[in-house]
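Next come the chains, spelled out residue by residue.
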Amino acid sequence: MPFSRGDGHKLYLELQKQHSVDTNKKLKEALEIKVFYESLNYETLKLVYYRMIKEQNGLGIIPIYVTSIPWLLFLFSGKVQDFLFHDGSKLWVIFITIYLILLTLSTISHFREKAWAALHIEIITDVLRDKGSGSSSQNEH
């Protein structure tokens, strides 16, 4: 079941099939990000790092918001049931469908953004470590 494997394993399989690692789009993208961060001075890069940490920690808002909808509806459950189920209405099907779509999209968005933030943080950490282990004059630029 290769479709159930994560992106890490898929990347591994792609790299196995390619003759040159340099042609892999995903690795090129990571390299471009790294090269950009290497072009920044140490203090600017530290500020970017702080913002990435903020971004990574603030990503939980959307899933919390979407998953809180059932609790809100629970408060008004009698009125909601009357509205959704009155006279054999199929409004509940539309409601459930829309809710599940929103829940799925927000969850995918949440984990995708969290993964990108983690990638950037790891690259920045490596670049900061490399710049920090270099001469102290680099820290002043």
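Coordinates for the structure precede this section.
Student: Can you lay out a nonpolar patch on the surface for me, pointing to particular residues and giving the numbers?
Tutor: A cluster of nonpolar side chains, contributed by Phe85, Trp92, Val93, Ile96 and Leu100, occupies part of the molecular surface with about 430 Å² of accessible area. The greatest single-element share of the nonpolar patch, amounting to four residues, is contributed by helix 6 (residues 91-133). Within the element layout of this structure, valine 93 appears in helix 6.

Student: Describe the packing of aromatic side chains, naming the residues involved and giving the relevant values.
Tutor: Using the criterion set out here, one finds two aromatic pairs in the structure. Between the aromatic rings of phenylalanine 36 and tyrosine 37, the centroid separation amounts to 5.6 Å while the plane-to-plane angle is 55 degrees, which identifies the pairing as tilted. Looking at tyrosine 37, the relative accessible area reads 5%, which means it is buried.

Student: Pulling in residues and values, what's your account of helix 6?
Tutor: Over its 43 residues, helix 6 extends 62 Å from the first C-alpha to the last, a length consistent with the 63 Å expected when each residue adds 1.5 Å. Along helix 6, the residues that are buried comprise Tyr99, Ser106, His110, Ala117, His120, Ile121, Ile123, Ile124, Val127, Leu128 and Lys131.

Student: Lay out the packing of helix 5 (residues 77-85) against helix 6 in plain terms, naming residues and giving numbers.
Tutor: Two numbers describe how helix 5 lies on helix 6: the axes approach to 7 Å, and their chain directions differ by 115 degrees. Classified by the interaxial angle, the pair formed by helix 5 and helix 6 is roughly perpendicular. On the side of helix 5, the interface is formed by Phe83, Leu84 and Phe85, while helix 6 contributes Leu91, Trp92 and Phe95. Residues belonging to the contact of helix 5 with helix 6 are distributed by class as follows: six nonpolar, no polar and no charged.

Cut-offs and rules
- Residues numbered from 1 in each chain as written.
- Predicted model: local features only at pLDDT ≥ 70, side-chain atom pairs only at ≥ 80, totals over all residues.
- Heavy atoms only, no water.
- Patch = residues over 30% accessible without salt bridge, like charges linked within 9 Å, V, L, I, M, F, W, Y side chains within 5 Å.
- Areas by Shrake-Rupley, 256 points an atom, 1.4 Å probe, with all protein chains shown as cover.
- Salt bridge = Lys/Arg side-chain N within 4 Å of Asp/Glu carboxyl O.
- Helix = DSSP H or I, 4+ residues; strand = E, 2+ residues; numbered from the N terminus.
- Phe/Tyr/Trp six-rings, centres within 6.5 Å; stacked < 30°, edge-to-face > 60°.
- Buried < 20%, exposed > 50% of the residue type's maximum accessible area, 1.4 Å probe, protein only.
- Expected span 1.5 Å × (residues − 1).
- Axes fitted to C-alpha atoms, helices over the stretch in contact; angles between N-to-C directions.
- Parallel < 35°, antiparallel > 145°, perpendicular 65-115°, else oblique.
- Contact = heavy atoms within 4.5 Å.
- Nonpolar A, V, L, I, M, F, W, Y, C, P; charged D, E, K, R; others polar.

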